[in-house]
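The residues making up each chain are set out below.
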Amino acid sequence: EAGVAQSPRYKIIEKRQSVAFWCNPISGHATLYWYQQILGQGPKLLIQFQNNGVVDDSQLPKDRFSAERLKGVDSTLKIQPAKLEDSAVYLCASSRSGGASYNEQFFGPGTRLTVL
Amino acid sequence: DAKTTQPPSMDCAEGRAANLPCNHSTISGNEYVYWYRQIHSQGPQYIIHGLKNNETNEMASLIITEDRKSSTLILPHATLRDTAVYYCIDYNDMRFGAGTRLTVKP
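Definitions and limits used
Residues numbered from 1 in each chain as written. Chains lettered and ligands numbered in written order. Predicted model: local features only at pLDDT ≥ 70, side-chain atom pairs only at ≥ 80, totals over all residues. Heavy atoms only, no water. Helix = DSSP H or I, 4+ residues; strand = E, 2+ residues; numbered from the N terminus. Rg over C-alpha atoms; globule rule 2.2 N^0.38 Å. Buried < 20%, exposed > 50% of the residue type's maximum accessible area, 1.4 Å probe, protein only. Contact = heavy atoms within 4.5 Å. Areas by Shrake-Rupley, 256 points an atom, 1.4 Å probe, with all protein chains shown as cover. Salt bridge = Lys/Arg side-chain N within 4 Å of Asp/Glu carboxyl O. Buried area = accessible area lost by both parts, 1.4 Å probe. Polar contact = N/O pair within 3.5 Å; in protein donor to acceptor, adjacent residues only side chain to side chain. Disulfide = S-S within 2.5 Å.

Visitor: Explanation requested: the overall build of chain A in the structure shown.
Guide: Helix and strand counts for chain A stand at 0 helices and 11 strands. Written out in order from the N terminus, the α and β elements of chain A read β-β-β-β-β-β-β-β-β-β-β. A compact globule built from 116 residues would reach a C-alpha radius of gyration of about 13 Å, and chain A, at 13 Å, matches this within 12%. With the C-alpha coordinates of chain A rotated into their principal frame, the extents come out at 40 × 25 × 25 Å. Looking at the 116 residues of chain A, the share that counts as buried comes to 45%. Sequence separation of at least 24 residues holds for 54% of the intrachain contacts in chain A that already meet a minimum separation of 6.

Here's what the structure looks like:
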C-alpha cells in the first residue's frame, strides 16, 4: 500500500510569512495526526483528527496554527504568521482507528520548515 | 512532558542484543505502551506495542514488568541499521519524550 504522502518536503520562509503543509494519509485510515519535531527533540503532537473531527488539539498554538481535514481524507496545516521558533520538521501520520489496542501509526517523510 | 522516561543514549555491539529500558510508572491499567524508532531524517517507524503480556514480532521483543511500571525493548541481534532514536510512548498520552539514541557499533 502507498505510504503517507506529504508536501512540500522543504520550505524556507521569512518570519511573519504564511505557510501551508499538505498530507495525504494511507487510504482507509480514519485517524490523522500532525506533529512538530524540533531538532534534537521527540515529535510533539499538534492535532489529531478522527475522520474529519478534531480529537485533540490541546498542544496546537491556535493563535497562529490551524489545521483542517476536509472530507476526512487529506489534511492541511497552516502557520500564519510564522515565527523563528516554528523552524522544525512537521510530520503527518495516520492510523486505521483511534482505538488503543491496535493503533500503529504510519508516518510520512515530513516537511522541513526553516523560518529566517 | 512525556509520561515515559528513557536513558538518553546507549551503545551496543553489532550482533549482540540491545536492551532498551523505559519507565512508565504513572501508566494506568488500560494504557498500551508503544515503541517507535526514528532513523536519521526519516519519520518514526512503529516497532511493537503491548499492554501487560510480553510481545514478540519480527522486529523485536517487548518485556513488560508485572506491575506495568516499566518495559524493555529487545533487539535480539542488533545490526548497524538499527542505529536510531527509540521512543516508548503511552498510547493514551501520545507524548514522545527525547527517546534513547542507540548506536550499534561494529
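Visitor: When you look at the overall build of chain B in this model, what are you seeing that I'm missing?
Guide: From N to C terminus, chain B includes 0 helices and 9 strands. For chain B, the sequential pattern of α-helices and β-strands runs β-β-β-β-β-β-β-β-β. On C-alpha atoms alone, chain B measures out to a radius of gyration of 13 Å, which is about the 13 Å that the 2.2 N^0.38 rule sets for 106 residues. Each principal axis of the C-alpha distribution contributes one length, and for chain B these read about 40 × 25 × 20 Å. By residue count, 46% of the 106 residues in chain B fall in the buried class. At a minimum sequence separation of 6, the contacts of chain B that also span at least 24 residues come to 54%. For chain B, the computed accessible surface area is about 5400 Å², with 48% contributed by carbon and sulfur atoms.

Visitor: What exactly am I supposed to notice about the pattern of salt bridges here?
Guide: Here the idea is simple: oppositely charged side chains can pair when their charged atoms come close. Residues and elements named next belong to chain B. By the definition in use, this model includes 6 salt bridges over all chains. Of the charged contacts in the structure, one is a salt bridge between Glu31 and Lys3, with a shortest N-O distance of 3.7 Å. Here the residue Glu31 occupies a position in the loop between strand 2 (18-23) and strand 3 (33-38), and Lys3 occupies one in the segment before strand 1 (9-13), the gap between them amounting to 28 residues. Relative accessible area serves as the criterion here: at 8%, Glu31 is assigned to the buried category. The residue Asp90 makes a salt bridge to Lys3 at a minimum N-O spacing of 3.1 Å. With a gap of 87 residues between them, Asp90 in strand 8 (residues 84-90) and Lys3 in the segment before strand 1 connect regions that are remote in the sequence.

Visitor: Please explain the interface of chain B and chain A as it appears in this structure.
Guide: Note: interface size is frequently given as the accessible area lost on complex formation between the parts. Of the residues lining the interface, 16 residues belong to chain B; the matching set on chain A comes to 19 residues. Roughly 1500 Å² is buried in total at the junction of chain B and chain A, and carbon and sulfur atoms are behind 52% of that figure. Interface area lost by chain B to chain A is led by B:Tyr91, B:Met94 and B:Phe96, which between them contribute 33%. Viewed at the interface, chain A and chain B are joined by 0 salt bridges. Counting every contact that joins chain B to chain A gives 4 residue pairs in polar contact (both at pLDDT 80 or more). When contributions to the side of chain B that touches chain A are tallied by element, the ones reaching two or more residues are strand 3 and strand 4 (45-50) of chain B. When residues of the side of chain B that touches chain A are assigned to their parent elements, the largest contribution, 3 residues, is made by strand 3 of chain B.

Visitor: I keep staring at the state of the cysteines and nothing clicks. Help me out?
Guide: Where two cysteines share a covalent bond between their sulfur atoms, that bond is called a disulfide. By the definition in use, this model includes 2 disulfides over all chains. A disulfide bridge connects A:Cys23 with A:Cys92, and the sulfur atoms are separated by 1.9 Å. Disulfide A:Cys23 to A:Cys92: torsion about the S-S bond roughly -70°, handedness left-handed. Of the two residues, A:Cys23 sits in strand 3 (residues 19-24) while A:Cys92 sits in strand 9 (residues 88-95), which places them 69 residues apart along the sequence. You'll find A:Cys23 and A:Cys92 in the same group, each marked buried. Between the sulfur atoms of B:Cys22 and its disulfide partner B:Cys88 the distance amounts to 1.7 Å. One disulfide, between B:Cys22 and B:Cys88, carries an S-S torsion of 55° and so falls in the right-handed class. In this pair, B:Cys22 is assigned in strand 2 and B:Cys88 in strand 8, connecting sequence segments 66 residues apart. An identical accessibility class is assigned to B:Cys22 and B:Cys88; each is buried. Of all cysteine sulfurs in the structure, the one in B:Cys88 sits closest to B:Cys12, which takes part in no disulfide; the separation is 18 Å. Residue classification places B:Cys12 among the buried residues on the basis of a relative accessible area of 9%.

Nothing here speaks to function; it is geometry throughout.
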